[in-house]
Every structure is written in structure tokens, then in C-alpha cells.
Amino acid sequence: LRCCSYQFAAAPGFPARSTRYNESVTSSNDTGTSVTAPAGTANHTNGDGPGSAADHRALVLETANRVAVDILANRTGVEALQHIAEAARTLAGARYAALGVARPDGQGLAEFITTGLTPEEEARMGSRPCGKGVLGLLLTRTEPLRVDDLLAHPAFAGYPPHHPPMRTFLGVPIRRGPAVLGSLYLTDKEEGSGGFSEADVLAVQALGAHAAVAIHNLQMLYRQRALLSGLINAQEEERRAVAYELHDGLTQYVMAAHLHLELCRRARAAGKDDKVGRELDESLRYLKEAVVESRRLVNGLRALALDDLGLAGAVEQLLQEEKERAGWTEADLVHNVAGRRFDKVVETAAFRVAQEALTNARKHAQGQHVRVLLLAGAHPATDAPTLTLEVRDNGVGFVPDAVLLHSDRGFGLHSMSERVHLLGGVYDLISAPGQGTTVRAVLPALEPPNEDEQENESEGEHTGSAAPDKDLQS
Amino acid sequence: MTMIGGGTAESGTDETRRVSVVLVDDHAVWRGGVRSLLEDTEFEVIGEAASGKEAVEVVRRACPRLVLLDIRMAGGDGLDALQAIKAEHPQTAVVMLTTYDNPTYMARAVAGGAAGYLLKGLDPGSDD
């Protein structure tokens, strides 16, 4: 009798992805807390008797429950998936189990996690499947697939080298709504039975729902990581750009001014009056350039216009600048927020989204008309005040999913949506080839914090220019 | 400018002749300043270049006795240009210029055959 103990690793040092779990009670795997499955574990694999069916249901429930707890526990996504695969293998009495996570674009597998293989088998097999053959078939199906002889299946594409032979097969798609997120695969129903049963299908399906949650978590994790690394890269890139601008611009002008002043002093000492004047003029010219350059640099770093002109004024200025650079024939701003101030985070978010959207329109849209809407309103359901920013162009448009997934440009689009979502807003990107592009952000129209705080903050920084209303009230 | 490196610049072998110089820097503003600085001195600027690559060309044509070569330039690394110039014209003295006092650059420049090393910018010694 084989004892199928089911092991839960509570410690973070969970074993490597593919381990032959618990072939016997003497398993040397001791990285986690071992929990033996309840009585009936051994029977269910071949039992159809009335007692064992009830036991089986209880076991399925308990396993599903444990898997849910496991997903909630502080684990990396991959470990949770590993546990689900192992639970499915144990429940269905399979020799091998795997869990494949579909790539977000549906083209093949992003992750493939196996259990039941020995480390040696795992090492011999080398690379993981990419999602062709029967495994790929599962990614396009919404119903389970049960096969008694895998080799005879029309989609069977042959085993890769060193793959252990497998015969019986059960594949259960992991779905979230209509989308197939991946599949649970089980092979080689253990002895005493011809193949996987309907009860096995139901048991594995019960875990599939949990797997959907775990995969969703994993995808969120990957997305956050990608965003974070994108942010870090962007920050470094920006610093490098600032360093270059300082070196190439401001520093050069100041050094040149210094040099000409030095020459001016020498000329004076030598009594060459005409040269004194000439060098002094040069010095002043370069100092003036330095001031212009430093203003330009500061403006690029911080949207000073936002402080001075408010959101509508800053967006208007931005729009005009971009219009000039892009050569658009028409660029309009329609707004109802004249003189109105919002919380700084809302203003900054709206401004940066407008900036990104307009930059994209200039670089990629090849359109002639751009319209920006900036409207204060109210949420239709909650009546909470909202601020809607919309940037629309009549350019060539694009397929949003394709750009979001594959190009560098995706980062800018992600960062816009991330900014909006961070504030609890709603972000929409509507585009299609030949249809132009609309970026819409609906933000909660938070009011500025209490005035004393803001006054203190603005005092001494932008004398007399920012928010004159406040000064009048104080 | 502040002379930092050891000077083996081959200037003044013939007291009566002015020392021909090629200025290499990607900032025209700076080249203009140095040109003014060298007016009425024993140095004569006979060529300018805005990148390392261009410097190799200009030096090949002009055969100066001295090259003032910026280390970091947008259009190519000055240290690469140093190597190429020294390989083609071992007799030409190359003095490296930089805005930042960086010992690594200094060591690389000297190892690459530079005669010296000049720190651009605000020379405290000239203030008194």
C-alpha cells in the first residue's frame, strides 16, 4: 500500500519546483511541516464504493481548503502553484502532475511546474515544454480532456528526449471567466484503474478555481515587478539625462564665462582696453545663456507651470508647446476648471498623463488634430466629485494590447494607467488602427488639503505667483 | 586650467617657433574660450575637432605638436582617440582635458601615453 502523505511546507525554504513527493512515509523531504492526509487517501484512487465517495468529497474539500489557505499565506506565486499541482496529483492518484500557466497573449506557456518527477528525471529532460501538442490543445479548450492512451491521441506530438513514458492523461483548463489562464495536467493514473475517472475530473476542477486565483496573483506580481523595474530604469535614465544636460549645458556656459572673465582680467593687467570690453561682453553673454539653460532644466524637472498657472493653464501651455513641436494644425483645450485647484497629487497625475498622452500623440499618431478635455464633474453612481482628463487625436491609432505587451512604448502606457489606478481612478485607452487614439483618465477630484499647510508649503518658494486666492484670504 | 599630470609636453624645443595645437572638445563654447586664452601666447591653434573620431582626422592632416583632448565627448571617447593619435604620431604630445577630477581617467590617460592631464574650469590658483 502506498501512503500518499500530502505535505505542506510552511517554511519559506520550500523545495525546488519539481520534486518527487512523498513516495513513502520515509520521505526525506523535511523542509516543511508534513501533514498527512486524512484516512481514505489511499482508497479513493480506486474506490467507487459509497463510503469512499463521501471520503473523497471530504478529501477534495479539505485539500481545496488547504490550497486556498496556502495561496493566502505569504508565499511566492510559483510556490502556491507547485502546491496546487501536488494536491491535484495526490487527489487524482496520478504519478505525475504539472501546471502550465498560459502566456498573457495566449501563445504558449509562461510557466510550467511539475511534480512527480525525480530530480534526475527533471535534469535529464532539460528544457520545459513551450505549449505545443496536447499541452497546447488544452490552452484552447474550455472543457477537461481525458485520454486513456496519450500516444494514440491525434494531437500527440511525441515526447522530448529523456521524457518518461506516460499513458493515461487528464487535462483540466484553469479559467477565469472566458479566459484560459493555464491548465492542470495529470498523467499515469496509479495502479488498479484503467484511467482517470469523472470523480478525478471533478476533484481537479475544484482545485482549478483556486489555481485561477493563484495564477492571477502571480500575474499581478509579475506585472508589479515589471512596473517597478521600469520605474527604477526610468529614474536612472532621467538622472543620467539630467547629468548630461548639466554637463553639456549649464556647466559649459559657466566655465566659458569664467574663462572669459579670466581673460578680461589679464587684458586689464596688460592695459588692452578693447580686449577688456570684448571679454567682458563674452562673459556676460555666457552667464545669460547659463541662466536660460538653468531655467529650461528646472522647468523640465518640475512642472513649474502647474504651480504657477494651475492645471488648466499648465495643460494649455503643454498643449501649445506640443502643437508647435508636432506641427499639428489644430490643438484645443476644453475645460471647466478655470482658477480651480485640486490636491497636488491629482493635479500632478492629470498633468503627467496629459504629458505622456500628448508626447505619444506627437511621436506616434501622425495626426493633425488633438483635443484635450479637462472637466470637473461627478461620478454618475456615487456623486463623488471627479476630474476627467481626455486626450484625443485623429492619428493612425494602434492595437492597444499589442503595444502594451510588446513594445517599449508599453511602459509609458502602463505608467499612465498605474498613476490613475493608484489614485483610485479609472483609466481607458481606446484606439484601433486608423481610428485615432483616446486616453481618458477619470480621477477623484480631491480638494487641496487645508490651507494653512499649503500656505506654509508655498511660502518662500514661488513668491506671489501660486494660488493668489489663498493669500487674499489669509 | 590646472595642470595635474606630469608634464613631458614637448613644447619649446625651438624657442622662436610657436607650438602648434589642435583643440578637441565637443563644446564649441569651450573651444572658443581656450582659443582666446591662447591668443598672444607661444601656442598657435591650428585646428579644432568636436569628437574623438574627428580629432584623429584633424591631427592626421594638421600634424600639431600638441593636442588638447577632452576625455568625455558625445561623439566618441577621448581615450580611444588618444590611443589612435599616439599610435600614428608618437611625437605629438597629447594633454587630456576633463571637467571632473577622476583618478581612474587620470591613470588611464597616463597609461595611454598622455603627456599630462588638465582639469577644466575654475582654477583656484587663478583667483589670487
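What you see is a predicted model; the values in this text were computed from it and never measured. (Residues numbered from 1 in each chain as written. Chains lettered and ligands numbered in written order. Predicted model: local features only at pLDDT ≥ 70, side-chain atom pairs only at ≥ 80, totals over all residues. Heavy atoms only, no water.)

Trainee: Explain the pairing of strand β9 (residues 369-378) of chain A to me, please; I cannot follow it from the model alone.
Mentor: Looking along a regular strand, one sees the side chains alternate between the two faces of the sheet. Residues and elements named next belong to chain A. Relative to β9, strand β8 (residues 330-335) runs parallel, the two being bridged by six bridges. When the bridges of β9 are listed, Glu330 appears paired with His369. A crossover connection joins β8 to the parallel β9 through helix α9 (residues 344-365); in handedness this β-α-β unit is left-handed. Across nine bridges, the pairing between β9 and strand β10 (residues 385-393) is antiparallel. By the bridge assignment for β10, Leu375 is matched with Thr388. Hairpin connection of β9 to β10: six residues between the antiparallel strands, including Asp383 at a positive phi of 70°. (Pairing = 2+ DSSP bridges. Helix = DSSP H or I, 4+ residues; strand = E, 2+ residues; numbered from the N terminus. Right-handed = clockwise from strand over helix to strand, strands pointing away.)

Trainee: What is the right way to look at the sheet that holds strand β6 (residues 169-176) of chain A in this model?
Mentor: In any sheet, the strands associate via hydrogen bonds between backbone groups, in a parallel or an antiparallel arrangement. All names here are of chain A. The strand order across the open sheet built from five strands is β4-β3-β7-β6-β5, with neighbouring strands paired in antiparallel fashion. In this open sheet, the two strands that pair with only one neighbour each are β4 (109-115) and β5 (145-147). Strand-to-strand twist of the sheet, defined as the mean angle between neighbouring strand axes without regard to direction, takes the value 15°. In terms of strand pairing, β5 meets β6 through three bridges, oriented antiparallel. When the bridges of β6 are listed, Val147 appears paired with Phe169. On the sheet, helix α3 (residues 77-92) packs against β3 (94-102), β4 and β7 (179-189) and is oriented at approximately 145° with respect to β3. Those strands touched by helix α6 (residues 198-269) are β3, β4, β5, β6 and β7, and its axis lies near 45° from that of β6. (Axes fitted to C-alpha atoms, helices over the stretch in contact; angles between N-to-C directions. Contact = heavy atoms within 4.5 Å.)

Trainee: Please explain the confidence of the model for chain A as it appears in this structure.
Mentor: When pLDDT drops low, the exact placement of atoms in the prediction is not to be read closely. Residues and elements named next belong to chain A. For chain A, per-residue confidence averages 78 on the pLDDT scale, and residues scoring 70 or more make up 81% of the total. Low pLDDT, under 50, characterises residues 1-50; the predicted model gives this stretch 101 contacts beyond four residues in sequence or across chains. With pLDDT under 50 throughout, residues 454-474 is counted as low confidence; its partners more than four residues away or in other chains account for 16 contacts. (pLDDT = per-residue confidence, 0-100.)

Trainee: How should the interface of chain A and chain B be read in this particular structure?
Mentor: By a widely used convention, the size of an interface equals the accessible area lost when the partners come together. Taken together, the contact pairs 20 residues of chain A with 20 residues of chain B. Across the interface of chain A and chain B, roughly 1700 Å² is buried in total on both sides, 58% from carbon and sulfur atoms. The interface formed by chain A and chain B includes two salt bridges. The partner of Lys272 of chain A in a salt bridge is Asp40 of chain B, with the nearest N and O atoms 3.2 Å apart. Our count for the chain A to chain B interface comes out at four residue pairs in polar contact (both at pLDDT 80 or more). Within the residue set of the side of chain A that touches chain B, elements represented by two or more residues are α6 and α7 (273-301) of chain A. (Buried area = accessible area lost by both parts, 1.4 Å probe. Salt bridge = Lys/Arg side-chain N within 4 Å of Asp/Glu carboxyl O. Polar contact = N/O pair within 3.5 Å; in protein donor to acceptor, adjacent residues only side chain to side chain.)

Trainee: What exactly am I supposed to notice about the side chain of Thr92 of chain B here?
Mentor: Looking at the element boundaries, Thr92 of chain B is found in the loop between α3 (78-88) and β5 (93-98). Among the polar contacts listed, one links the side chain of Thr92 of chain B to the backbone oxygen of Pro64 of chain B, at a separation of 3.2 Å.

Trainee: Hey, could you run me through the packing of helix α2 (residues 52-62) of chain B against α3 of chain B in this one?
Mentor: Relative placement of two packed helices is described by the angle separating their axes and the distance separating the axes. All names here are of chain B. For the pair α2 and α3, interaxial distance at closest approach is 9 Å and the crossing angle is 20°. If you check the angle between α2 and α3, you find them roughly parallel. The interaxial crossing formed by α2 with α3 has right-handed handedness. Seen from α2, the contacting residues are Gly52, Ala55, Val56, Val59 and Arg60; seen from α3, they are Ala81, Ala84, Ile85 and Glu88. Looking at the contact of α2 with α3, its residues break down into six nonpolar, one polar and two charged. (Parallel < 35°, antiparallel > 145°, perpendicular 65-115°, else oblique. Left-handed = near helix turned anticlockwise from the far one by under 90°. Nonpolar A, V, L, I, M, F, W, Y, C, P; charged D, E, K, R; others polar.)

Trainee: Could you clarify how one ought to interpret helix α1 (residues 28-38) of chain B in this entry?
Mentor: In an α-helix, one turn spans 3.6 residues; hence positions three or four apart end up facing the same way. For α1 of chain B, the buried fraction is high: eight of the 11 residues fall into the buried class. By the burial criterion, the buried members of α1 of chain B are Val29, Trp30, Arg31, Gly33, Val34, Ser36, Leu37 and Leu38 of chain B. (Buried < 20%, exposed > 50% of the residue type's maximum accessible area, 1.4 Å probe, protein only.)

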